[in-house]
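So the chains spell out like this:
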Amino acid sequence: MKVKKNAGKRTEMEREAVSKTFNALLKAVVKVYLWKCRLEEGKHASVRDMSTKIYISMIYIYIYIYIYIYIYIICCVYIYIYIYSKL
């Protein structure tokens, strides 16, 4: 891959880094959503129960939950700014 530097434009490497970061965040959101659905449906009684049944550390699940909440808050702020900037 050739990296071509243009004045004021992104390089190929920057585009790949952004897409990898976006994909990682998207995977995190999907995982947390599926875990949340499992808990709401009653398949697991608690996060501890779910972590033992799907062989994932509880800390790992909590980190993903924090990421999910953070992304949700950022999206709400952007929507709020977008709506009220149009008024």
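Residues numbered from 1 in each chain as written. Predicted model: local features only at pLDDT ≥ 70, side-chain atom pairs only at ≥ 80, totals over all residues. Heavy atoms only, no water.

1. Some points on the overall build of the protein chain
Then comes step 1: Of the regular secondary structure elements, the protein chain holds three helices and zero strands.
Then comes step 2: Listing the helices and strands of the protein chain from first to last along the sequence gives α-α-α.
Then comes step 3: Looking at the protein chain as a whole, 13% of its 87 residues qualify as buried.
Then comes step 4: Here the protein chain has roughly 7500 Å² of accessible surface; of this, 64% comes from carbon and sulfur atoms. (Helix = DSSP H or I, 4+ residues; strand = E, 2+ residues; numbered from the N terminus. Buried < 20%, exposed > 50% of the residue type's maximum accessible area, 1.4 Å probe, protein only. Areas by Shrake-Rupley, 256 points an atom, 1.4 Å probe, with all protein chains shown as cover.)

2. Side note on the nonpolar core
Then comes step 1: Counting seven residues, the largest nonpolar core consists of Ala 28, Val 32, Trp 35, Val 47, Met 50, Ile 61 and Tyr 64.
Then comes step 2: Breaking this core down by element, the ones donating at least two residues are helix H1 (12-41), helix H2 (47-53) and helix H3 (58-85).
Then comes step 3: Here the element with the most residues in this core is H1; it accounts for three residues.
Then comes step 4: If we skip the residues at most four places from it in the chain, Ala 28 touches Tyr 64 and Ile 67. (Core = buried A, V, L, I, M, F, W, Y, C linked by side-chain atoms within 4.5 Å. Contact = heavy atoms within 4.5 Å.)

3. Re the packing of aromatic side chains
Then comes step 1: This model, assessed by the stated rule, comprises four aromatic pairs.
Then comes step 2: Centroid distance Trp 35 to Tyr 64: 5.7 Å. Interplanar angle 75°. Geometry classified as edge-to-face. Taken together, the positions of Trp 35 in helix H1 and Tyr 64 in helix H3 put the pair 29 residues apart, joining distant regions of the chain.
Then comes step 3: An aromatic cluster is built from Trp 35, Tyr 60 and Tyr 64, whose rings are joined through pairwise contacts. (Phe/Tyr/Trp six-rings, centres within 6.5 Å; stacked < 30°, edge-to-face > 60°.)

4. A few points about H3
Then comes step 1: Counted at 1.5 Å a residue, the expected span for H3 with its 28 residues is 40 Å, and the 41 Å between its end C-alpha atoms agrees.
Then comes step 2: Its side-chain oxygen placed 3.3 Å from the backbone nitrogen of Ile 59, Ser 57 serves as the N-cap of H3. (Expected span 1.5 Å × (residues − 1). Polar contact = N/O pair within 3.5 Å; in protein donor to acceptor, adjacent residues only side chain to side chain.)

5. A closer look at the state of the cysteines
Then comes step 1: By the definition in use, this model includes zero disulfides.
Then comes step 2: The thiol of Cys 75 is not disulfide-bonded; the next cysteine sulfur, from Cys 76, is found 7.0 Å away.
Then comes step 3: Given a relative accessible area of 39%, Cys 75 falls into the partly exposed group. (Disulfide = S-S within 2.5 Å.)

6. A closer look at the confidence of the model for the protein chain
Then comes step 1: Counting all residues, the mean pLDDT for the protein chain is 81, and 80% of those residues have values of 70 or more.
Then comes step 2: The secondary structure element of the protein chain with the lowest average pLDDT is H1, at 81, and the one with the highest is H2, at 91. (pLDDT = per-residue confidence, 0-100.)

7. Things to note about unusual backbone geometry
In most cases, non-glycine residues show a negative phi, while peptide bonds are predominantly trans.
Then comes step 1: One non-glycine residue, Tyr 55, adopts positive backbone phi at about 60°.
Then comes step 2: Looking at where Tyr 55 falls in the secondary structure, it is placed in the loop between H2 and H3.
Then comes step 3: Overall, Tyr 55 belongs to the exposed group, its relative accessible area being 75%.

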